[in-house]
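Coordinate inspection notes
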There are 2 protein chains.
Amino acid sequence: MNGTVEDERQRLVKLTFELTKRYGRSISVSDLAAETRIARTRLLEIFEDDNALFDGIVEEWFAPKLAIMDEVMASDLPSRRKLYEFVARRYVQQRDQFRADPTGFRVFLELGEQHFERARSYIDLADHYMCELIAQAQADGYFEGLELNDALSLINQMLNCYIQPINLTYMDARLNEEKLGRIVDAMFDGLSGEDRGAKSVSGLRAAT
Amino acid sequence: MNGTVEDERQRLVKLTFELTKRYGRSISVSDLAAETRIARTRLLEIFEDDNALFDGIVEEWFAPKLAIMDEVMASDLPSRRKLYEFVARRYVQQRDQFRADPTGFRVFLELGEQHFERARSYIDLADHYMCELIAQAQADGYFEGLELNDALSLINQMLNCYIQPINLTYMDARLNEEKLGRIVDAMFDGLSGEDRGAKSVSGLRAAT
């Protein structure tokens, strides 16, 4: 696409993004034609089909998150700080987005659930970067004795409240960056492959 | 209520529990009358109104969880093991319930969301017990420098995947007791009120 067509595409994606929030459902090329009074054939030159239009929306949703991830990964912070920023900055971006428009936010979460395969590459990229961060931390002596995939899974679970946007919809008031910082500190100082007895083979003993 | 009436009440609550799952919505006294061919006036002697019937369902849902909490709290395990069992046993009970009937499980989660105030006392009791566990752990030297309420909030967040039943509906395959054990160990050995640098006042530095 040349510059002008790309500009028009961007403009139409942003408009479709707003229409999606307003109508609470995914927008088809026909919807967009009706809304803009641009001929459907003209729109189909820009967006091949409804999927291509929806992919534009997915890109629009993830663009600020991708920018944050790239910026943090390019920084030279120590591993603990870097992992914190990697999660905290996306959390803050999503939180602000949620607070500005809770209804619209829920619409995108529902669409994301229905079209999970289209969000897949973003989640894969976030996991890929997280593995790089874990490898850096392990080189610094953290997360000792844990396979990379196990460390990834445990860290994603411990930070789930700050990573999974759905949590904002019911526990926003209880989340904040200070708590996230304490959880990341607890992870770096406490998470390892060594069994220290929380889970035991023995059962309960009744109090005497 | 005398024994026979209480037996009948129990039987009707269990039946209503099954009907709720089958129809995917809350069941009124009129529904129950139609289903059982017991006179509505007779049912109203046992359940004063629809709310009383729904309260029976809430009790039925939480009864096994309350039994687990009471059993663990009455045990004389060390604090780390006790906190693990307090969370793990309810997680396993809910997981088995979810796997046996995912659709029915989702119905109760939705009803729980709609009637949150009726689940409130269970959540309050779980938090109350968790505070006792934290106090026991702090007496043993863990979670140093954290106010009780802050420790409670941080622990509930770190264990959120295993506490909030909604998580089972989309990440059941990634959850297990081994991981929960590692997270509890990480909490006990890493969580404290001391700032160890994850969150910093300084911003990002670009890589050179």
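Located above this text is the structure these notes cover.
In what follows, the accompanying structure is described. Note that this is a predicted model, so its numbers are computed, not measured.

**Some thoughts on the packing of aromatic side chains**
All names here are of chain B.
- According to the stated counting rule, one finds 18 aromatic pairs over all chains in the structure shown.
- With a centroid separation of 6.3 Å and an interplanar angle of 90 degrees, the aromatic rings of F86 and Y129 are classed as edge-to-face. Residue F86 is located in helix α5 (residues 79-100), and its partner Y129 is located in helix α7 (residues 116-139); the two are separated by 43 residues in the primary sequence. An identical accessibility class is assigned to F86 and Y129; each is buried.

**Remarks on the environment of E194 of chain B**
- As for its position among the elements, E194 of chain B is in the segment after α11 (177-190).
- Considering only alpha carbons, one finds E194 of chain B and T4 of chain B, 190 residues apart in sequence, at a separation of 58 Å.
- Leave out the neighbours within four places in its chain, and E194 of chain B touches R182 and D185 of chain A.

**Some thoughts on the side chain of N167 of chain A**
- Within the secondary structure, N167 of chain A is located in the loop between α9 (160-163) and α10 (168-171).
- With a relative accessible area of 1%, N167 of chain A lands in the buried category.

**Looking at the relation of the copies chain A and chain B**
- Overlaying chain A on chain B yields an RMSD of 0.0 Å, the required transformation being a rotation through 180 degrees with an accompanying axial translation of 0.0 Å. A rotation of that kind, with that shift, is consistent with a two-fold axis. Considering only C-alpha atoms, the residue of chain A closest to the rotation axis is G190 of chain A, which sits at 2.0 Å.
- A symmetric contact is evident, with 100% of the interface residues of chain A recurring at the interface of chain B.

**With respect to the environment of E6 of chain A**
All names here are of chain A.
- Tracing the backbone through its elements, the reader meets E6 in helix α1 (residues 3-23).
- By relative accessible area, E6 is classed as partly exposed at 28%.
- With 40 residues separating them in the primary sequence, E6 and I46 have C-alpha atoms 8.7 Å apart.

**Section: the interface of chain A and chain B**
- Between chain A and chain B, the contact holds 54 residues from the first and 54 residues from the second.
- Taken together, chain A and chain B are joined by four salt bridges.
- Ionic pairing is found between R196 of chain A and D189 of chain B, a salt bridge with its closest N-O pair at 2.7 Å.
- At the junction of chain A and chain B, the tally comes to 18 residue pairs in polar contact (both at pLDDT 80 or more).
- Only α4 (50-73), α5 (79-100), α8 (148-158), α9, α10 and α11 (177-190) of chain A provide two or more residues apiece to the side of chain A that touches chain B.
- If you tally residues by element for the side of chain A that touches chain B, the top one is α11 of chain A, at 11 residues.
- Class assignment for the residues of the side of chain A that touches chain B results in 22 nonpolar, 14 polar and 18 charged.

**Some points on α11 of chain B**
- In this model, α11 of chain B (14 residues) spans 19 Å end to end at C-alpha, consistent with the 20 Å of a helix rising 1.5 Å per residue.
- Of all 14 residues in α11 of chain B, 10 are buried, a share of seventy percent or more.
- Taken residue by residue, α11 of chain B has K179, L180, G181, I183, V184, D185, A186, M187, F188 and G190 of chain B as its buried positions.
- For α11 of chain B, the secondary structure elements touched by its buried residues are α8 and α11 of chain A together with α5, α7, α8 (148-158) and α9 (160-163) of chain B.

**A word on the nonpolar core**
- The biggest cluster of nonpolar side chains holds 129 residues, and the ones touching the most others in it are M130 and L159 of chain A together with M130 and L159 of chain B.
- Excluding anything up to four places from it in sequence, M130 of chain A contacts L83, F86, V87, L152, I155, N156 and L159 of chain A.

**Regarding α5 of chain A**
- When the terminal C-alpha atoms of α5 of chain A are compared, their 32 Å separation across 22 residues agrees well with the 32 Å that a helix rising 1.5 Å per residue should span.
- With respect to burial, α5 of chain A is a largely interior element, 16 of its 22 residues being buried.

**Some points on the pattern of salt bridges**
- One pass over the structure, following the stated rule, counts 42 salt bridges over all chains.
- Between R89 of chain A and E71 of chain A there is a salt bridge, with the nearest N and O atoms lying 3.6 Å from each other. Of this pair, R89 of chain A sits in helix α5 while E71 of chain A sits in helix α4, and the two are 18 residues apart along the sequence.
- The class for E71 of chain A is partly exposed, based on a relative accessible area of 46%.
- For the salt bridge of K21 of chain B with E18 of chain B, the shortest nitrogen-to-oxygen distance reads 3.7 Å. With K21 of chain B and E18 of chain B both in helix α1 (residues 3-23), this residue pair falls three residues apart, about one helical turn.
- Given a relative accessible area of 39%, E18 of chain B falls into the partly exposed group.
- Through salt bridges with shared partners, a single ionic network connects E71, R81, E85 and R89 of chain A.

Rules behind the numbers
Residues numbered from 1 in each chain as written. Chains lettered and ligands numbered in written order. Predicted model: local features only at pLDDT ≥ 70, side-chain atom pairs only at ≥ 80, totals over all residues. Heavy atoms only, no water. Phe/Tyr/Trp six-rings, centres within 6.5 Å; stacked < 30°, edge-to-face > 60°. Helix = DSSP H or I, 4+ residues; strand = E, 2+ residues; numbered from the N terminus. Buried < 20%, exposed > 50% of the residue type's maximum accessible area, 1.4 Å probe, protein only. Contact = heavy atoms within 4.5 Å. Least-squares fit on C-alpha atoms with pLDDT ≥ 70 in both. Salt bridge = Lys/Arg side-chain N within 4 Å of Asp/Glu carboxyl O. Polar contact = N/O pair within 3.5 Å; in protein donor to acceptor, adjacent residues only side chain to side chain. Nonpolar A, V, L, I, M, F, W, Y, C, P; charged D, E, K, R; others polar. Expected span 1.5 Å × (residues − 1). Core = buried A, V, L, I, M, F, W, Y, C linked by side-chain atoms within 4.5 Å.

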